[in-house]
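Given next are the chains, with one letter for each unit.
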Amino acid sequence: MPTASNPLFLFFFIFFFLSRASESLAVSSSAAQFNNELKQQDNDPFVGFNIGTDVSNLLPPANVVAFLQAQKVTHVRLYDANPEILKALAKTKIRVIISVPNNQLLAIGSSNTTAASWIDRNVVAYYPQTLITAIAVGDENLNVTDVVVLVTESGWPSKGDSKEPYATVDNADTYNSNLIKHVFDRSGSPLHPEVTSSVYIYELFNEDLRAPPVSEANWGLFHGNSTPVYLLHVSGSGTFLANDTTNQTYCVAMDEVDGKMLQTALDWACGPGRANCSEIQPGETCYQPNNVKNHASYAFDSYYQKSGRASGSCDFKGVAMITTTDPSVMKAVYFPEARE
């Protein structure tokens, strides 16, 4: 049992402190309303996301936070205490778990001074502007019984090597979509159907800089630039993850792809793929700008929409990607009046 002389006591104390400190926000009517909303979040089961940063094209922290807010994500877990992300999360309603990495446990566990310094540097410096609600001590450790369960990592990879045949987009979509539905349906577990554990999905972004096997870099729901790796089927889960298959999505040509590869894919889409390519013919509405990337994006999306946005219908041998945003090229293609 932790005592005041044990450095890890500071972490158990901070759990208690963080769970009680939000009560001090109730100093005005607006603060009281904010406090009540936070308490309601604590009472309801939720789906959060692990956010790793081994990503080559990760959005800047401010953009990551804007993306989280657009997707109605309310809970995140960081593998460390990334200062830039913690600063960007200030004054939002997003609740944050920070972590003590395994390589820091020994030093913190053997020194009160080191433990206190860690708390000052990684918690006190940001709280309460950033809603740090808990500290995860170590990673991939979760052998404890008879405690309330918070699932901090659960997910499925969308891609693997030859020895990982079940790491597929379809399996990842099925697992994570059903996991999200399970939480929001409050289905509980076979042993305790009356209790629904909250879950942090592993993970928000593909960490493409992770070492092999291939699956290690492909657990994310989104690429680092916020485009989805695949589209979840979570209709009925409120506004959470707004950009799923119930909303407008597009299939476009990827950046920096060889022009000959794009042309080959374009020819297939307009030929055997039977995409509607009439609007990109000379003189037609979407002919301009006259380049293979623009024309390919139009043809790819025509095929993708015609296929019912089915899984695998936006690939074209790796030169296409799904986007849920409305980039300028798509305005030119689908909304020609926007150019006027």
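Above this note sits the structure.
Because the structure is a prediction, the values reported are computed rather than measured.

(A) Spatial organisation of the pairing of strand β4 (residues 131–137). Counting buried positions along β4 gives 5 out of 7 residues, so the element sits mostly inside the fold. By the bridge criterion, 6 bridges tie strand β3 (residues 95–100) to β4 in an arrangement that is parallel. Residue pairing for β4: Ile98 is matched across the bridge by Ile135.

(B) Up close: the nonpolar core. If you look at the biggest cluster of nonpolar residues, it comprises 43 residues, and the most contacted ones within it are Leu68, Ile98 and Trp118. Setting aside chain neighbours within four positions, we find Ile98 in contact with Leu78, Asp80, Ala81, Leu86, Trp118, Asn122, Val123, Ile132, Ala134, Ile135 and Ala136. Phe300, Tyr303, Ala320 and Ile322 belong to the second largest nonpolar core, which has 22 residues in total.

(C) How the structure looks around a nonpolar patch on the surface. On the surface, Trp156, Tyr166 and Tyr175 cluster together to form a nonpolar patch covering roughly 330 Å² of accessible area. With respect to the element layout, Tyr166 can be found in the loop between β5 (151–154) and α7 (169–185). Judged by relative accessible area, Tyr166 falls into the exposed class, the value being 62%.

(D) Inspection of the state of the cysteines at higher detail. Summed over the entire model, instances satisfying the criterion amount to 2 disulfides. With a sulfur-sulfur separation of 2.1 Å, Cys251 is cross-linked through a disulfide to Cys314. As the torsion about the S-S bond is roughly 85 degrees, the Cys251-Cys314 disulfide counts as right-handed. Here the residue Cys251 occupies a position in strand β7 (residues 250–253), and Cys314 occupies one in the loop between α9 (292–306) and β8 (320–323), the gap between them amounting to 63 residues. At a sulfur-sulfur separation of 2.0 Å, the disulfide partner of Cys270 is Cys277. With the S-S bond torsion at -95 degrees, the cross-link from Cys270 to Cys277 turns out left-handed. With relative accessibility at 31%, the residue Cys270 sits in the partly exposed group. On the accessibility criterion, Cys277 (8% relative accessible area) is buried. Taken N- to C-terminal, the disulfide-bonded cysteines of the protein are connected 1-4, 2-3.

About the criteria used
Residues numbered from 1 in each chain as written. Predicted model: local features only at pLDDT ≥ 70, side-chain atom pairs only at ≥ 80, totals over all residues. Heavy atoms only, no water. Buried < 20%, exposed > 50% of the residue type's maximum accessible area, 1.4 Å probe, protein only. Helix = DSSP H or I, 4+ residues; strand = E, 2+ residues; numbered from the N terminus. Pairing = 2+ DSSP bridges. Core = buried A, V, L, I, M, F, W, Y, C linked by side-chain atoms within 4.5 Å. Contact = heavy atoms within 4.5 Å. Patch = residues over 30% accessible without salt bridge, like charges linked within 9 Å, V, L, I, M, F, W, Y side chains within 5 Å. Areas by Shrake-Rupley, 256 points an atom, 1.4 Å probe, with all protein chains shown as cover. Salt bridge = Lys/Arg side-chain N within 4 Å of Asp/Glu carboxyl O. Disulfide = S-S within 2.5 Å.

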